[in-house]
Structures are given as structure tokens and as C-alpha cells.
Amino acid sequence: MYHRNIRPKKSLGQHFLKDPEVARRIAGTLSGYHGQPVLEVGPGTGVLTRFLLDDAHDLSVVEIDRESVDYLRLHFPALEGRILSGDFLRMDLAQLYTGTFCVIGNYPYHISSQIFFKVLDYRDQVICCAGMIQKEVAERLAAGPGSKTYGILSALIQPWYDVEYLFTVSEQVFDPPPKVKSGVIRMVRNNRKALDCDEQLYRQVVKTSFNQRRKTLRNSMKPLLGKDFPDYALPIFDRRPEQLSIEQFIELTHITAQELRIEN
């Protein structure tokens with residue numbers, strides 16, 4: 001359904017997928033979620049949308065580009081009343097869905113991290129989030145402790161979602177071709193109900209520690225704990241941030257909370 005008369009807009013980070021086989025495989029990442037409402041982010045000219053409709057998903061789409069919205073309304077009558085014109089990042093998803101739903105898309109690279117943090121805000125409703133992003137970001141999302149790509153995104157998303165890197169996509173299947181390869185991931189909501197620590201402080205601890213990722217936590221945590229923190233002798237401070245599991249980051253948050261007198 002890729003249409004050459006609609007030109008990709010650089011300001012929106014648009015790279016239109018033109019390979020239907022890749023689109024079919026991406027749509028297939030939600031094969032286990034029939035019966036769940038699905039929200040597609042940034043459908044463009046509907047290359048992925050067509051396969052999601054073929055799979056009989058209860059589909060709505062959100063698109064910020066007016067030209068694409070007009071195209072979708074003309075060529076996808078099955079989406080009548082379910083094409084949302086606007087900015088996904090500004091939407092109140094709880095107003096759209098009262099229960100659980102899935103999110104999918106060929107996400108704009110320049111806002112992909114913001115999209116996943118948006119999903120995180122609605123983690124009690126978004127039970128699966130799948131789609132295509134820059135390969136490097138996809139690898140970060142799925143990386144485990146000890147990996148060079150394990151970082152802030154990994155440690156903030158993985159407490160709530162099990163992330164799987166599914167497959168790599170060549171830059172040649174897009175118009176215009178991006179300068180990097182793409183990766184398709186699937187994030188499935190796990191059973192964690194609470195973080196067992198102050199969540200805002202957890203985020204601050206993760207970001208502070210990775211700001212100097214090559215240093216041990218004894219050094220990288222000084223902006224939060226100060227240079228005279230008395231418990232730097234604890235073994236956890238011998239480690240670098242990429243060596244910490246999610247549970248160890250929670251432990252570090254508890255240590256930080258005690259020093260800053262923050263109660264959970």
C-alpha cells in the first residue's frame with residue numbers, strides 16, 4: 001500500500017516501509033493477541049495497517065501527518081471512525097481505552113525512546129508493545145546486564161516488560177533509506193505490580209549511574225550520594241552500572257533512599 005505520491009517528510013522522521021513481506025512479519029508479532037484492541041502509531045500510507053486488518057485485529061491508528069490521514073481515510077474504509085489525527089506523545093491513552101490493549105508501529109527513530117516511555121506510563125494497560133525502531137535502540141531495549149548495550153533504556157523498561165529482539169531489517173526496504181539498520185522488538189508486560197522502592201528515585205539512580213558508565217558506582221553515584229557517603233565500601237559500589245541486574249538497581253535505590261531519607 002506504499003504510495004509514491006505521498007512524500008516522506010524529514011521533519012517527521014518519516015521513512016516509509018515499502019516491503020510488504022517485512023510488514024507482514026511485523027504484524028505477526030501480535031499473533032498471540034487476537035481479541036485485544038490494537039493501536040498502531042504512525043501508519044503512514046498503511047503498509048503495516050493492511051496486514052493488521054487482515055489479521056482481524058480491533059485496530060485504531062494514530063497519525064500526526066495530515067496528508068497520510070487523508071490517504072488512510074480514502075484507502076481504508078474499514079478504519080472509519082478509528083483514524084486518530086494527532087500526536088501520540090500528547091494523547092491520554094486512558095481516554096481511548098478503559099482496559100488493556102497493544103501498541104505497534106514502524107516508529108519514527110528520533111522519538112522512539114519517548115514512545116516507549118509513554119508506553120511505560122500506561123504499563124497497567126499496554127500488555128504488549130511491538131514494532132520497528134533503529135537497530136541500536138532495539139538492542140539496548142533487549143540487552144541484559146553485562147552487555148555493552150545495556151543502559152538507561154534497558155534498566156527502566158525491563159522491570160515491567162520482557163523484551164525480545166526479533167529480527168533485523170535492511171535500510172534498503174525504506175523510502176528514503178535511513179542511514180542505519182532497523183530492528184523489530186516485542187515487549188510483553190510481566191507480572192510485576194510494584195517496584196518495591198521509590199520509582200522516581202529508581203529512575204534518578206539509573207540515569208545518574210549510567211551518566212558515567214565506564215566508572216564504578218563509587219564514582220558515578222557521587223552526584224547523588226556525595227563524595228563522603230559512608231557506605232561506599234559496600235560490594236555493590238565496586239561494580240559498573242552495566243553489571244547490575246534490575247534487582248540490584250532496586251537495592252541501590254534503597255541504599256540511596258536511606259542516605260537521602262526518602263521513604264518508599
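Residues numbered from 1 in each chain as written. Predicted model: local features only at pLDDT ≥ 70, side-chain atom pairs only at ≥ 80, totals over all residues. Heavy atoms only, no water.

1. Considerations on the overall build of the chain
Consideration 1: Across its full length, the chain holds eleven helices and nine strands.
Consideration 2: With the C-alpha coordinates of the chain rotated into their principal frame, the extents come out at 65 × 40 × 30 Å.
Consideration 3: Out of the 264 residues belonging to the chain, those deemed buried represent 49%.
Consideration 4: In the chain, 67% of the contacts between residues at least 6 apart in sequence involve partners at least 24 apart.
Consideration 5: Summed over all atoms, the accessible surface of the chain reaches about 12800 Å², with 47% contributed by carbon and sulfur.
Consideration 6: Side-chain charges of the chain comprise 34 positive and 32 negative groups, with the mean position of each set lying 6 Å from the other. (Helix = DSSP H or I, 4+ residues; strand = E, 2+ residues; numbered from the N terminus. Buried < 20%, exposed > 50% of the residue type's maximum accessible area, 1.4 Å probe, protein only. Contact = heavy atoms within 4.5 Å. Areas by Shrake-Rupley, 256 points an atom, 1.4 Å probe, with all protein chains shown as cover. Lys, Arg positive; Asp, Glu negative; His and termini not counted. Charge placed at Lys NZ, Arg CZ, Asp CG, Glu CD.)

2. A look at the pattern of salt bridges
Consideration 1: Overall, the coordinates contain 15 salt bridges when judged by the stated rule.
Consideration 2: Ionic pairing is found between lysine 227 and aspartate 228, a salt bridge with its closest N-O pair at 3.6 Å.
Consideration 3: Using a relative accessible area of 63% as the deciding quantity, one classes aspartate 228 as exposed.
Consideration 4: One network of salt bridges, with partners in common, ties together Arg123, Glu199 and Arg203. (Salt bridge = Lys/Arg side-chain N within 4 Å of Asp/Glu carboxyl O.)

3. Here we look at unusual backbone geometry
Glycine aside, a negative phi is what most residues show, and trans is what most peptide bonds show.
Consideration 1: Within the chain, aspartate 196 stands out as a residue other than glycine whose phi angle is a positive 60°.
Consideration 2: Turning to its location among the elements, aspartate 196 is positioned in the loop between strand E9 (182-189) and helix H8 (199-210).

4. Observations concerning helix H6 (residues 135-142)
Consideration 1: Among the residues of H6, those classed as buried are Val137, Ala138 and Leu141. Viewed end-on, H6 has its buried residues packed into an arc of 100°, placing them on one side of the element.
Consideration 2: Buried residues in H6 make contact with helix H5 (112-121), strand E6 (126-134), helix H7 (152-157), strand E7 (161-169) and E9. (Arc of directions from axis to C-beta.)

5. Overview of the packing of helix H1 (residues 20-27) against helix H2 (residues 47-54)
Consideration 1: Two numbers describe how H1 lies on H2: the axes approach to 8 Å, and their chain directions differ by 50°. Compared by their axis directions, H1 and H2 come out oblique. Here the hand of the crossing between H1 and H2 comes out right-handed. In contact with Pro20, Ala23, Arg24, Ile26 and Ala27 of H1, H2 contributes Val47, Leu48, Arg50, Phe51 and Leu52.
Consideration 2: Grouping the amino acids of the contact of H1 with H2 by side-chain chemistry returns eight nonpolar, no polar and two charged. (Axes fitted to C-alpha atoms, helices over the stretch in contact; angles between N-to-C directions. Parallel < 35°, antiparallel > 145°, perpendicular 65-115°, else oblique. Left-handed = near helix turned anticlockwise from the far one by under 90°. Nonpolar A, V, L, I, M, F, W, Y, C, P; charged D, E, K, R; others polar.)

6. Here we look at the side chain of threonine 208
Consideration 1: Its place among the elements puts threonine 208 in helix H8.
Consideration 2: Given a relative accessible area of 11%, threonine 208 falls into the buried group.
Consideration 3: Reaching out from threonine 208, the side chain makes a polar contact with the backbone oxygen of glutamine 204 at a distance of 2.7 Å.
Consideration 4: Among residues more than four places away in sequence, those in contact with threonine 208 are Ser220, Met221, Pro223 and Leu224. (Polar contact = N/O pair within 3.5 Å; in protein donor to acceptor, adjacent residues only side chain to side chain.)

7. Examining the nonpolar core
When a protein is soluble and globular, its nonpolar side chains tend to lie buried together.
Consideration 1: Among the nonpolar cores identified, the biggest contains 54 residues, and Met187, Tyr202 and Phe249 are the most heavily contacted of them.
Consideration 2: Core analysis: the next-biggest nonpolar cluster, separate from the first, contains 30 residues, Leu52, Phe76, Cys102 and Cys128 among them. (Core = buried A, V, L, I, M, F, W, Y, C linked by side-chain atoms within 4.5 Å.)

8. Considering the packing of aromatic side chains
Consideration 1: Tallying each qualifying case throughout the model produces eight aromatic pairs.
Consideration 2: Relative to phenylalanine 101, the ring of tyrosine 97 has its centre 4.1 Å away and its plane inclined at 15°; by these criteria the two rings are stacked. There is no split in this pair, since tyrosine 97 and phenylalanine 101 are both buried.
Consideration 3: Seen in terms of ring centroids, phenylalanine 210 and phenylalanine 249 are 5.8 Å apart; in terms of plane orientation they differ by 35°. Their pairing is tilted. Here phenylalanine 249 lies in helix H11 (residues 246-260) and phenylalanine 210 lies in helix H8, a separation of 39 residues in the sequence. We note that phenylalanine 210, like phenylalanine 249, is buried.
Consideration 4: Joined through ring pairs, the aromatic side chains of Tyr150, Tyr202, Phe210 and Phe249 make up one cluster. (Phe/Tyr/Trp six-rings, centres within 6.5 Å; stacked < 30°, edge-to-face > 60°.)

Everything listed is a geometric property; what it means functionally is a separate question.
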